[in-house]
Structures are given as C-alpha cells and as structure tokens.
Amino acid sequence: QVQLVESGGGLVQSGGSLRLACTASSRTFGAYNMGWFRQAPGKGREFVAAINRSGSFTTYTDSVKGRFTIARDNAKNTVYLQMNSLKPEDTAVYYCATTTKAPTTVIASYNRWGQGTQVTVSS
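All of the points below concern the structure found in this document. (Residues numbered from 1 in each chain as written. Predicted model: local features only at pLDDT ≥ 70, side-chain atom pairs only at ≥ 80, totals over all residues. Heavy atoms only, no water.)

## Points about the packing of aromatic side chains
Selection rule: Note on aromatic pairs: the rings of Phe, Tyr and Trp (six-membered ring only in Trp) are paired at centre separations within 6.5 Å, and the planes decide the class, stacked below 30 degrees, edge-to-face beyond 60, tilted for the rest. For every residue, the accessible area (1.4 Å probe, protein chains only) is compared with the maximum for its type, and the residue is labelled buried under 20%, exposed over 50%, or partly exposed between those bounds. Should the NZ of a Lys or the CZ of an Arg lie within 6 Å of a ring centre and within 35 degrees of the ring normal, that charge is described as sitting over the ring.
According to the stated counting rule, one finds four aromatic pairs in the structure shown. Here the aromatic rings of Tyr110 and Trp113 are separated by 6.2 Å at their centres, their planes lie at 55 degrees, and the arrangement is tilted. Residue classification places Tyr110 among the buried positions, given a relative accessible area of 5%. Among the aromatic residues, ring-to-ring pairing joins Phe37, Phe47, Tyr110 and Trp113 into one connected group. The side chain of Arg45 reaches across the aromatic face of Trp113, ending 4.8 Å from its centre.

## A short note on the nonpolar core
Counted only if it meets this: Here, the term nonpolar core denotes a set of buried Ala, Val, Leu, Ile, Met, Phe, Trp, Tyr and Cys residues that are joined through side-chain atoms within 4.5 Å. Numbering goes from the N terminus for both helices and strands, where a helix is a DSSP run of H or I of at least four residues and a strand is a run of E of at least two. Throughout, a contact is declared for two residues whenever any of their heavy atoms are within 4.5 Å.
Residues Trp36, Leu81, Met83 and Tyr94 are the most contacted members of the largest nonpolar core, which totals 28 residues. Listed by contribution, the elements that provide at least two residues to this core are strand 3 (18–24), strand 4 (33–39), strand 5 (45–51), strand 7 (68–73), strand 8 (78–83), strand 9 (92–99) and strand 11 (117–122). With four residues, strand 3 is the largest single contributor of residues to this core. Sequence-distant contacts of Tyr94, defined by excluding residues within four places in its chain, comprise Glu6, Leu20, Trp36, Phe37, Arg38, Val48, Phe68, Leu81, Met83, Gly116, Thr117 and Val119. One finds Phe37, Phe47, Ala97 and Tyr110 within the second-largest nonpolar core, a separate group that totals five residues.

## Notes on the pairing of strand 8
As a reminder, the rule being used: Any two strands between which DSSP finds at least two bridges are classified as paired.
Most of strand 8 is tucked away: five of the six residues are buried. Bridging between strand 7 and strand 8 involves six bridges; their strand directions are antiparallel. Counterpart to Ala71 in the pairing with strand 8 is Tyr80.

If you want it as structure tokens, here you go:
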C-alpha cells in the first residue's frame, strides 16, 4: 500500500512561486505514474499535471502550461510540482495521486491520494 504526504503549500502573492512535494512511503514508488490535482472552494477536483514512471513524459492542463513543472526523483520517492507566476485562480488544495495506468487526466484512474496541501495566492 502506497501512502502519500504532500508538503510545500502556503500563502504567496501573485507572481510568486511555490514548490510542492509529495513523498511516498513505499519502495515501489517508481512503479507508479503520478498526478497532481487541485480543488478550489466550491469546485470539483481538477487535473493539473501528470508524469510517467521515469519522468520522461509530462502533461499539463492548459491553464498552468509554461508556469508549472512536474518532476520526480524516484531515489527519494518524491514527485514535485514547481509553481511559478502564481495567480489568485491557482488557489486550491493540491493533491498528489498514484495510478498504475498510463499518465492520464482522468481522476477515476488514480488509486491512492494524499491528504492535500493548501495553496493560497493573494492578489
């Protein structure tokens, strides 16, 4: 069983940066594709970014392209989300999740979720 813990959230001004980390308590971390999702107040959970097992493939939702970067370090059992040029509309709880399927935007394909970390961007 993979357990995930997100960290790195906080309060930042518009235009600022944060780096989120998601650490897995499993030696099989490298076997999973990973995704980042977010949920803003009053809205459903939405896809942000995904990465394959080796880190050679990444994909992003249009609203974060050019601003966010997903990466992983399998030796540290960690996936990262570097967030630059943050906007108030990025405010949300951010979750990481694992899937045994190929990298996908489909929420139902993800099997294990962290508890989330709050990101708040002020104007």
